[in-house]
Amino acid sequence: MSDIRVRFAPSPTGNLHVGSARTAIFNWLFARHHQGTFILRIEDTDQERSKPEYTRAILDGLRWLGVDWDEGPEAGGDCGPYFQSRRRSFYDEALQRLRHEGKVYPCFCTPERLQDLRTAQLSAKQNPRYDGRCLALADDEVAQRIAAGEPFALRIKAARLESVEWTDLCKGLVSIGPEMLDDIVVAKSDGYPTYNFAVVVDDITMGISHVIRGEDHISNTPKQILIYRALGATPPRFAHIPMILGEDRSKMSKRHGSTNVVEYERQGYLSEAFFNFMTLLGWSPSDDQEIFTRDEVVRRFSLDRVSPSGAIFDINKLKWMNGMYIRQLSPAEMLDRAEPFLSTLEGYPGDYSREQRVEIARQLRERIELLTEITDAAGYFFHEPAEYDEKGLAKAAKTPDLAAVMEDLAAALATTEPFDEAGIEAAVRQLAEARGMGAGKVIHPTRLALSGRIAGPGLFEMMHVLGRARCVTRLRRFVERHPWEF
Ligand code: GLU
């Protein structure tokens, strides 16, 4: 293990969001690349919006993505607890120390006064910030007001006179002048630490070496650096990764597709395809390779190849990639992955053996991009087609004596031995030859009669799995129905 320690710090106020998942993945890749430690910390201090079921959903989402954590909920570790709501003593202790060292001062200003100050500054076109009034209070007045029970917040002393600079591993040098800084509040008047203070105390006490997070957090960084200074701690390295954008280059939202990772699982994406796709949202390798095994991305990942500007979420690319991954699955794996979807089909699994179902999965693997599409593609294996494709019927009607051809084929198939791909093919071709017609004139209506469709896997391999009984019955049913005559 190296000294590199990174964390993913979601707030459990919703399911795992696409943007958060990408942050988790980049942290995980960075940790694994450097043999560092990846920590999961749940930032559940917003008591109204945080819910245990969201924590559960986030953990499940990370597991689905194959992002495992070395320390955190359900993993343990030496720097716990890993829920902010259980870390109050760390924050109180750090606040105590700051007070003792005279690094903070009590601020008695009411929300109304702060609001008035802000309004006045804004109308004077100034950057709104605290004017330091309570820093000027005499010690005995402060003591008196505290003794009288007047509520107060704690602010960092004279932070608004400092300047802050850091070299961001994605954005480069960022400099913030004193006019942008403030005597920031570290504890609210109810005694609770502020968000930024809790994050810094956690990052220090968990030994975090690199903070990799979305650039929507970049405005917190100067504040956090001021807190590190007050606490006498060295800030970690920061990397602010670009936002995920929709195809119109606006911030990704529900308009552009689901923002919820679990939805992608439900829609039939493979986790490894989704993971691969996410790695390319902001990061790119030095060549144009796009399909990577997990180990390959771990080996190749580096923050200096993360683009400083937005990453576009291209759903068509994700779909394409999913199709690529589906085709790489072995037939048995394909069946295992597709079974949750297949089992919703009427007639599934019927009398098909596992071996036959693996064969069905193999035949359909080439024809779908999402696992959910398999229910539509595989239906006719498990139940008779209820209707036949219109165009297919119009075309079938052009086969002379169609009913007789289909009846003859049914009769031939009833005695075809062995009933395998080669045997079936021979039966179909012999029939076409005997009637002096091209094989296509038999093949197309047969596919239609058996599946209701005009496209699908190779006809003979499909018939082999369907089996003799289904083929014969469906051909006869087709003849009885005469659907091409309507
Ligand atoms: N809890 C924050 C969030 O969910 C992350 C804070 C951080 O990474 O510093 O966006």
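Residues numbered from 1 in each chain as written. Predicted model: local features only at pLDDT ≥ 70, side-chain atom pairs only at ≥ 80, totals over all residues. Heavy atoms only, no water.

Caption draft 1: View of the site of the ligand. R7, A9, P10, S11, E43, Y195, R213 and H217 make up every residue found near the ligand. Burial of the ligand by the protein amounts to 81% of the accessible area it has alone, namely 300 Å². In terms of residue class, the shell around the ligand is built from 3 nonpolar, 2 polar and 3 charged. (Near = heavy atom within 4 Å. Areas by Shrake-Rupley, 256 points an atom, 1.4 Å probe, with all protein chains shown as cover. Nonpolar A, V, L, I, M, F, W, Y, C, P; charged D, E, K, R; others polar.)

Caption draft 2: Examining the pairing of strand β3 (residues 104-107) more closely. Here β3 shows two buried faces, one formed by V104 and P106 and the other by Y105 and C107. In the sheet, β3 pairs with strand β4 (residues 153-156) via 4 bridges, with the strands oriented antiparallel. Counted as the bridge partner of P106 is L154 from β4. (Buried < 20%, exposed > 50% of the residue type's maximum accessible area, 1.4 Å probe, protein only. Helix = DSSP H or I, 4+ residues; strand = E, 2+ residues; numbered from the N terminus. Pairing = 2+ DSSP bridges.)

Caption draft 3: Representation of the pattern of salt bridges in the model. In the structure shown here, the tally under the stated rule is 40 salt bridges. Salt-bridge contacts for R49 lead to D46; the nearest nitrogen and oxygen are separated by 3.3 Å. Residues E339 and R357 are paired through a salt bridge, measuring 2.8 Å at the closest nitrogen-oxygen approach. With E339 in helix α12 (residues 331-342) and R357 in helix α13 (residues 354-365), this residue pair connects regions lying 18 residues apart in the sequence. Through salt bridges with shared partners, a single ionic network connects R7, R41, E43, R87, D202 and D203. (Salt bridge = Lys/Arg side-chain N within 4 Å of Asp/Glu carboxyl O.)

Caption draft 4: Quick look at helix α9 (residues 271-279). For α9, the buried fraction is high: 8 of the 9 residues fall into the buried class. The complete set of buried residues in α9 reads S271, A273, F274, F275, N276, F277, M278 and T279. Where α9 is buried, its residues contact α1 (18-33), α2 (52-65), α8 (261-266), α10 (294-300), α11 (315-328) and α12. (Contact = heavy atoms within 4.5 Å.)

Caption draft 5: Expanded view of the sheet that holds β3. Read from one edge to the other, the open sheet built from 3 strands follows the order β3-β4-β7, with strand pairing classed as antiparallel. Each edge of the sheet is formed by a strand with only one pairing partner; in this case those strands are β3 and β7 (185-187). Each neighbouring strand pair of the sheet contributes to a mean axis angle of 45°, computed without reference to strand direction. Alignment of β4 against β7, held across 2 bridges, turns out to be antiparallel. Residue pairing for β7: L154 is matched across the bridge by A187. (Axes fitted to C-alpha atoms, helices over the stretch in contact; angles between N-to-C directions.)

Caption draft 6: Here's a closer look at the side chain of R7. Looking at where R7 falls in the secondary structure, it is placed in strand β1 (residues 5-8). In terms of polar contacts, R7 uses its side chain to reach the side chain of D203, at 2.9 Å. Sequence-distant contacts of R7, defined by excluding residues within four places in its chain, comprise N27, I39, R41, V199, D203, I208, V211 and R213. (Polar contact = N/O pair within 3.5 Å; in protein donor to acceptor, adjacent residues only side chain to side chain.)

Caption draft 7: Geometry of unusual backbone geometry. P349 follows Y348 through a cis peptide bond whose omega is -5°. Here P349 is to be found in the loop between α12 and α13. The linkage connecting E417 with the following residue, P418, adopts the cis geometry, with an omega of -15°. Notably, Q35 is not glycine yet its phi reads approximately 50°, a positive angle. Mapped onto the fold, Q35 is located in the loop between α1 and β2 (37-40). In this model, D401 sits at a positive phi of 50°, which is unusual for a non-glycine residue.

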